[in-house]
Amino acid sequence: MITTAAQLLFGLATYFPGFNKIRRKKTGGTDSARYCYSVWLRHLIMARKYGMQQVPSVVAELGPGDSLGIGLSALLSGAQKYYAFDVVNYADVQSNERILDELVKLFLKREPIPDHNEFPRLKPRLNNYDFPDDILTIESMAENLLQDRVEEIRKTIKNQGSKDKCIEYKTPWFDSSIIQRDDVDFIYSQAVLEHVDQMEGVYQSMNNWLKPGGYMSHQIDFKSHGLADQWYGHWQYEKWLWALIKGKRPYLLNRLPLSSHKKYLESNSFAVKHCAKHLEDAIAPREKLASDFQHLTDEDLVTSGAYILSSKY
Ligand SMILES: C[S@@+](CC[C@H](N)C(=O)[O-])C[C@H]1O[C@@H](n2cnc3c(N)ncnc32)[C@H](O)[C@@H]1O
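As the structure is a prediction and not an experimental result, all values here were calculated from the model.

Caption draft 1: Just the overall build of the protein chain, in detail. Per the secondary structure count, the protein chain includes 10 helices and 7 strands. With respect to the principal axes defined by its C-alpha atoms, the protein chain has extents near 60 × 45 × 40 Å. Split into buried and exposed, the 313 residues of the protein chain put 54% on the buried side. Considering only residue pairs separated by 6 or more positions, the protein chain has 80% of its internal contacts joining residues 24 or more positions apart. Both charge centroids of the protein chain, one from 39 positive and one from 39 negative side chains, sit 3 Å from each other.

Caption draft 2: A look at the side chain of D300. Summarising the element assignment, D300 is placed in the loop between strand 6 (270-279) and strand 7 (303-312). Buried within the structure, D300 lacks any salt-bridge partner; its nearest side chain of opposite charge belongs to K262, at an N-O separation of 7.0 Å. From its side chain, D300 meets the backbone nitrogen of L258 in a polar contact 3.4 Å long. The residues touching D300, leaving out its near neighbours within four places in the chain, are W231, W235, P257, L258 and S259.

Caption draft 3: Examining the site of the ligand more closely. Around the ligand, the structure places 19 residues, and the nearest of them are Y35, G63, D86, W173 and Q190. Between an oxygen atom of the ligand and a side-chain N or O atom of D86, the distance comes to 2.4 Å. At 2.8 Å, a backbone N or O of Q190 approaches a nitrogen atom of the ligand. Protein burial of the ligand: of its 600 Å² of free accessible surface, 94% is covered by the chains. Residue classes in the shell around the ligand are distributed as 10 nonpolar, 8 polar and 1 charged.

Caption draft 4: Structural context of the environment of D221. Relative to the helices and strands, D221 resides in strand 5 (residues 210-221). Classification of D221 by relative accessible area gives partly exposed; the value is 22%. Spatially, the C-alpha atoms of D221 and F270 are 20 Å apart, while their sequence positions differ by 49 residues. With residues near it in sequence (within four places) discarded, D221 still touches E194, S304 and G305.

Caption draft 5: Local environment of the nonpolar core. In terms of nonpolar packing, the biggest core is built from 50 residues, with W40, L41, L72, L76, L103, F107 and I167 touching the most fellow members. When residues of this core are traced back to their parent elements, those giving at least two are helix 3 (33-49), helix 4 (69-76), strand 2 (81-85), helix 5 (93-109), helix 7 (147-158), strand 3 (167-170), strand 4 (184-190) and strand 7. If one sorts the elements of this core by residue count, helix 3 sits on top with 11 residues. Within the second largest apolar cluster, 38 residues are counted, among which are L62, I178, L193 and V196.

Caption draft 6: Fine view of the packing of helix 4 against helix 5. Contact geometry for helix 4 and helix 5: axes closest at 10 Å, N-to-C directions at 45°. The orientation of helix 4 relative to helix 5 falls into the category oblique. Pair helix 4 / helix 5 crosses with right-handed handedness. Judged by residue contacts, G69, L72, S73 and L76 of helix 4 engage N96, I99, L100, L103, V104 and F107 from helix 5. For the contact of helix 4 with helix 5, the per-class residue count stands at 7 nonpolar, 3 polar and no charged.

Caption draft 7: How the structure looks around helix 5. With 17 residues, helix 5 extends 25 Å between its outermost C-alpha atoms, agreeing within 8% with the 24 Å of an ideal straight helix rising 1.5 Å per residue. For helix 5, the full list of buried residues reads S95, N96, E97, I99, L100, L103, V104, L106 and F107. Where helix 5 is buried, its residues touch helix 3, helix 4, helix 6 (138-144) and helix 7. Just downstream of helix 5 lies R110, where phi reads positive at about 50°.

Caption draft 8: Quick look at the packing of helix 3 against helix 5. Helix 5 packs onto helix 3 with a crossing angle of 60° between their chain directions and a minimal axis gap of 9 Å. In terms of orientation, helix 3 lies oblique with respect to helix 5. Read as a crossing pair, helix 3 and helix 5 show a hand that is right-handed. Contacts between helix 3 and helix 5 involve A33, R34, C36, Y37, W40 and L41 from the first element and I99, E102, L103, L106 and F107 from the second.

Caption draft 9: Structural view of unusual backbone geometry. Here the residue pair K123 and P124 is connected by a cis peptide bond, since its omega of 5° sits within 30 degrees of zero. Structurally, the position occupied by P124 is in the loop between helix 5 and helix 6. Going from T171 to P172, the amide bond is cis rather than trans, its omega being -15°. Although it is not a glycine, R110 sits at a positive phi angle of roughly 50°. Tracing the backbone through its elements, the reader meets R110 in the loop between helix 5 and helix 6. The residue S269 is not glycine, and still its phi comes out positive at about 65°. Within the secondary structure layout, S269 lies in the loop between helix 10 (258-267) and strand 6. The partly exposed category is assigned to S269, whose relative accessible area is 24%.

About the cut-offs
- Residues numbered from 1 in each chain as written.
- Predicted model: local features only at pLDDT ≥ 70, side-chain atom pairs only at ≥ 80, totals over all residues.
- Heavy atoms only, no water.
- Helix = DSSP H or I, 4+ residues; strand = E, 2+ residues; numbered from the N terminus.
- Buried < 20%, exposed > 50% of the residue type's maximum accessible area, 1.4 Å probe, protein only.
- Contact = heavy atoms within 4.5 Å.
- Lys, Arg positive; Asp, Glu negative; His and termini not counted.
- Charge placed at Lys NZ, Arg CZ, Asp CG, Glu CD.
- Salt bridge = Lys/Arg side-chain N within 4 Å of Asp/Glu carboxyl O.
- Polar contact = N/O pair within 3.5 Å; in protein donor to acceptor, adjacent residues only side chain to side chain.
- Near = heavy atom within 4 Å.
- Areas by Shrake-Rupley, 256 points an atom, 1.4 Å probe, with all protein chains shown as cover.
- Nonpolar A, V, L, I, M, F, W, Y, C, P; charged D, E, K, R; others polar.
- Core = buried A, V, L, I, M, F, W, Y, C linked by side-chain atoms within 4.5 Å.
- Axes fitted to C-alpha atoms, helices over the stretch in contact; angles between N-to-C directions.
- Parallel < 35°, antiparallel > 145°, perpendicular 65-115°, else oblique.
- Left-handed = near helix turned anticlockwise from the far one by under 90°.
- Expected span 1.5 Å × (residues − 1).

Here it is, written out as C-alpha cells:
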C-alpha cells in the first residue's frame, strides 16, 4: 500500500514542469566497463552456444543506457558496425571514452568474465566464466585491438551519426527505416524489453533489420522493479492507476509477460533457439491480478525473467 501511494505521488509529480530536470539521469549498469564486458560476453557466448556461427559483423542494441559500452565490447570483439537505439540520450562522449579505455585493458588481459559474485543479479548465467578463447582467439583479438582500430572507434565516439562510421547512436528512435532492411547480424538487449512501449512495432522493426538466419539475444526482467511490494505487484494495478503511476515518464514498464514475447517472436518469424526462465516460488495469484492480466498463462504466473535467444527464419 505504501509503495502504491509513493509510486502514485511520483507519477503525479512528473506532470510538474521542471520534473525532467530533477529526474535521475542514470540507469545504472553500463556506467561500469566490467558490467558491459560481462554482459556482451554472456550474450556472445550464449548465441554461439545455441547456433550463431561467428562473431557478428553488424550488431544493434536496444536501450544501451548510461554508456555504449556493451556495443563497444562488440566492436572490440570484431564487429564492424554498431547501432544503438534508446529513448533517452544517457550515454555521453566522456563516459564512452572512459569505458572504451577500460574495455581495451580487459580484452588485452583476456580477463575472465565477471560472474555472479561480482554481479549477483546479472543474467544470463553461464556455466563457465573463463575468457572465451575459442570464440575470441589470440590472433583475431590481436587484429581487433590494433591501436589504429581503437583510435578509429574513439574518433567515432566523438563524432557519431555519419553513415560510414562504425557507431550510430539514435535517441529517441522510432522510425524502423533507420536501418536498411536485412542489414544486421545480431540484435541484443539487456534489461530493456520490459520497458519498451509499442512492443509489437518494435518486434516488427527487429524483423526488418535482421538478416534471415541472424540472431537475437534478449535478457528480460518481468518483475515489478520496486513499483509494488511483490514481484508480480505491477500486474495488480488496473489500467487507469497504472497510467497515473507512469505519469509523463518517457518509459516505465510495459508489463508484458513471457507469453506475449513468445507470441510476438512467432508472429514476426523468429524461432526460439534457447529460453532460460527464472522461476519464482511465490506464484502470482490470478484472482488478485487486474482485469488485463487474468489471461496470463500458468507459466507467466511463475516466470519473473527470461533469457531468450532466437533466430529469424
Ligand atoms: C534498465 S535500463 C537498461 C540499460 C542497459 N541496457 C543496462 O543493461 O544497464 C533500460 C533502458 O531501456 C531504454 N528504453 C526504454 N524504452 C526504450 C525503447 N522503446 N527503445 C529503446 N530503448 C528503450 C531506457 O532508456 C534505458 O536506457
